[in-house]
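Examination of the molecular architecture
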Amino acid sequence: MAVIDKSATRSDSAGREQIAVKNPLTGEVIGHIPVCTADDVRQAVARARAIQPAWNALSIRTRSNMLIRWTQLIAQREDESIAAIRRETGKNRIGAFEEMLVIDRTVAYYARHAPEWLRRKTRRPLLPFRHTARVYYKPYGVVGFITPWNYPLLNAFQDLIPALIAGNTVILKPSEITSLVALHMVDLMIQAGIPKDVVQVVTGAGSTGAALVDQVDYIAFTGSTATGRKIAMRAGERLIPCSLELGGKDPLIVLNDARLDLAASGTLAGSLENAGQVCIAVERVYVEAGIHDAFVERICHYAGQMNIGSGDGWDVHMGSMTNERELLRTEAHIADAVAKGATLVHGGKRRPDLGPLFFEPTILTNVNHTMDVMREETFGPIIPIMKVRDADEAIRLANDNQYGLSGAIFTKDLKRGEQLATRVESGDVHVNTTQWIFGVLSAPMGGVKNSGIGRRNGPEGLMRFVRTQSVVIDNQIGAWPMLALLDDGTLKLVRFLVNAMRRFPFLGP
Ligand code: ADP
């Protein structure tokens, strides 16, 4: 059963192809979305461009307040919002709530800090008494977002928030698998007072996304490395900036001194959040030899206690997978590992009794780096565990991968953990926890190597959506006509000032 079933496509009254959207929990069709054409995208961008100056003319506070009102509407309709997310993803209730929580806090964070960060700044010139230099921060114009299906609220809207606050208008091309959530959320934005052309959704698949890259002034993408590379190439041709949040194969290291039960349960949670369909999920576990066997025993123990299912209570630990393609890849990675000598110690099977895309938490031991499960991204609930000699070997293996998004180290020695963390090649690392980078909105998040370009969150997450303009003003006090930028008189003054700056660097630029 595919969540997107091409055989279920049909046409709308304007002749656009329509894609059927299915509920992964049941397999039933819950709606259709039109495949917007390049012409639809062009028109949407023209509308966004037309309204952008008026949107930018509003104060940052006014724009932020509309977004705060939006998050209030989401919160007031918590059950409806959670249901909308769960209907298209099949995730558990807690997972859907986490998306709302992060969005709520992201709006609060940027509403608080953006006015200061976007205020014009004065910079020190070489001739401080003659020149005044200022830096202005200007929105790019129309920013496009192409987003995936695993976190249809969080991954689609978290980046959009700072772009809007900075004065851009935005166009979102959500995943074809979860577009109904995006449409629902944008509807709430309009109810919160945001003019409708300021935030628009164009639905469709890859062709619609590609058309968006061709039209906008900045493109922010979250999704696979293969698609991200195509988008970066097109952005390069058009010379527009882009940010790319791509795949991951995040390592987790357990040292001998780790608190065993916290490490085992923490690894489980970090691997199985959203049934493993998270770019920053734990996908490789390296355990020091001295604790390895006990760790495997404890993680199997905790895996056996997990509550898996489609129920909408807060007590469900793991829901359904969303995407059949990822389920097939998960099965292929398990089969490849077992064929190459891995031991399946827990799970490994589908759970059709729970729903068409449920898969058991799966634990593999005796894995090595010849196996796909240790090299390629697996978007599924698999925990491959490898025994290592010591921390140095763990770090070397952790870095032996094309990706570098997140990572984690479990140890009682927090100082050593932090030192080792800085040796992991990734955009963020956790000590004794995982994925909590999502709870630190002031810290930048993003990838190195094939995991992407650019950062979300923190000041970096806002400032990427503005271009700087520097203005240099000569106040003309004591000025005389000159035929070159420097003449004898000014040269003397410049030499004097530069000497002073050399002696007293705090006077310098
Ligand atoms: P996944 O299918 O796992 O979500 P993708 O990277 O294929 O990963 O898709 C992420 C987003 O990129 C989706 O919204 C998808 O429709 C869009 N997309 C896919 N191919 C292209 C493309 N060639 N150009 C622009 N967007 C694309």
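Residues numbered from 1 in each chain as written. Predicted model: local features only at pLDDT ≥ 70, side-chain atom pairs only at ≥ 80, totals over all residues. Heavy atoms only, no water.

Points about the packing of helix 3 (residues 78-89) against helix 4 (residues 93-118)
Packed helices, taken two at a time, are described by the angle between their axes plus the distance between the axes. Following both chains from N to C, one finds helix 3 and helix 4 inclined at 110°, their axes separated by 9 Å at the closest point. Comparing the axis directions of helix 3 and helix 4 gives the class roughly perpendicular. In the packing of helix 3 onto helix 4, the handedness of the crossing is right-handed. Residue-level contacts link Glu 78, Asp 79, Ser 81, Ile 82, Ile 85 and Arg 86 of helix 3 to Arg 93, Ala 96, Phe 97, Glu 99 and Met 100 of helix 4. A class-by-class count of the residues in the contact of helix 3 with helix 4 yields 5 nonpolar, 1 polar and 5 charged. (Axes fitted to C-alpha atoms, helices over the stretch in contact; angles between N-to-C directions. Helix = DSSP H or I, 4+ residues; strand = E, 2+ residues; numbered from the N terminus. Parallel < 35°, antiparallel > 145°, perpendicular 65-115°, else oblique. Left-handed = near helix turned anticlockwise from the far one by under 90°. Contact = heavy atoms within 4.5 Å. Nonpolar A, V, L, I, M, F, W, Y, C, P; charged D, E, K, R; others polar.)

Digging into the nonpolar core
In this structure, Leu 67, Trp 70, Phe 145, Phe 157, Leu 160 and Met 189 are the most contacted members of the largest nonpolar core, which totals 62 residues. When residues are assigned to domains, this core turns out to be shared by domain 1 (35-246 + 459-466) and domain 2 (250-446), each giving three or more. Apart from residues lying up to four places away in sequence, Leu 160 is in contact with Phe 145, Val 170, Leu 172, Met 189 and Val 199. Within the second largest apolar cluster, 54 residues are counted, among which are Ile 253, Val 282, Val 285 and Ala 391. (Core = buried A, V, L, I, M, F, W, Y, C linked by side-chain atoms within 4.5 Å. Buried < 20%, exposed > 50% of the residue type's maximum accessible area, 1.4 Å probe, protein only. Domains from an automatic or database assignment.)

Re the side chain of His 369
Within the secondary structure, His 369 is located in the loop between strand 14 (362-365) and helix 13 (372-375). A polar contact of 2.7 Å, which involves the side chain of His 369, links it to the side chain of Tyr 286. If we ignore the near neighbours within four places in the chain, the residues touching His 369 are Arg 284, Tyr 286, Met 374, Arg 375, Met 386, Leu 397 and Asp 400. (Polar contact = N/O pair within 3.5 Å; in protein donor to acceptor, adjacent residues only side chain to side chain.)

Notes on the pattern of salt bridges
Enumeration according to the criterion identifies 29 salt bridges in this entry. The salt bridge involving Arg 47 is made with Asp 197; its shortest N-O contact spans 3.8 Å. You can see Arg 47 sitting in helix 1 (residues 38-57) and its partner Asp 197 sitting in the loop between helix 7 (179-191) and strand 8 (199-201), a full 150 residues away along the chain. In this structure, the salt-bridge partner of Asp 79 is Arg 93, at a minimum N-O distance of 2.7 Å. Here the residue Asp 79 occupies a position in helix 3, and Arg 93 occupies one in helix 4, the gap between them amounting to 14 residues. Through salt bridges with shared partners, a single network forms among Arg 47, Lys 196 and Asp 197. (Salt bridge = Lys/Arg side-chain N within 4 Å of Asp/Glu carboxyl O.)

A closer look at the packing of helix 3 against helix 7
Close contact between helix 3 and helix 7 brings their axes to 8 Å; oriented N to C, the two are set at 160°. The angle between the axes of helix 3 and helix 7 places the two elements in the roughly antiparallel class. Contacts between helix 3 and helix 7 involve Glu 80, Ser 81, Ala 84, Ile 85 and Glu 88 from the former and Ser 179, Leu 180, Val 181, His 184 and Met 185 from the latter. Looking at the contact of helix 3 with helix 7 residue by residue, the classes come out as 5 nonpolar, 3 polar and 2 charged.

A word on the domain arrangement of the chain
Each assigned domain of the chain is listed with its residue range as follows: domain 1 (35-246 + 459-466) and domain 2 (250-446). Between domain 1 and domain 2, the contact holds 27 residues from the first and 29 residues from the second. Summed over both sides, the interface between domain 1 and domain 2 buries roughly 2200 Å², with carbon and sulfur atoms accounting for 55% of that surface. Taken together, the links from domain 1 to domain 2 amount to 0 salt bridges. Between the two partners, domain 1 and domain 2, sit 10 residue pairs in polar contact (both at pLDDT 80 or more). Taken together, the elements giving at least two residues each to the side of domain 1 that touches domain 2 come down to helix 3, helix 4 and helix 16 (458-463). For the side of domain 1 that touches domain 2, the element with the highest residue contribution is helix 4, accounting for 8 residues. For the side of domain 1 that touches domain 2, the per-class residue count stands at 11 nonpolar, 7 polar and 9 charged. (Buried area = accessible area lost by both parts, 1.4 Å probe.)

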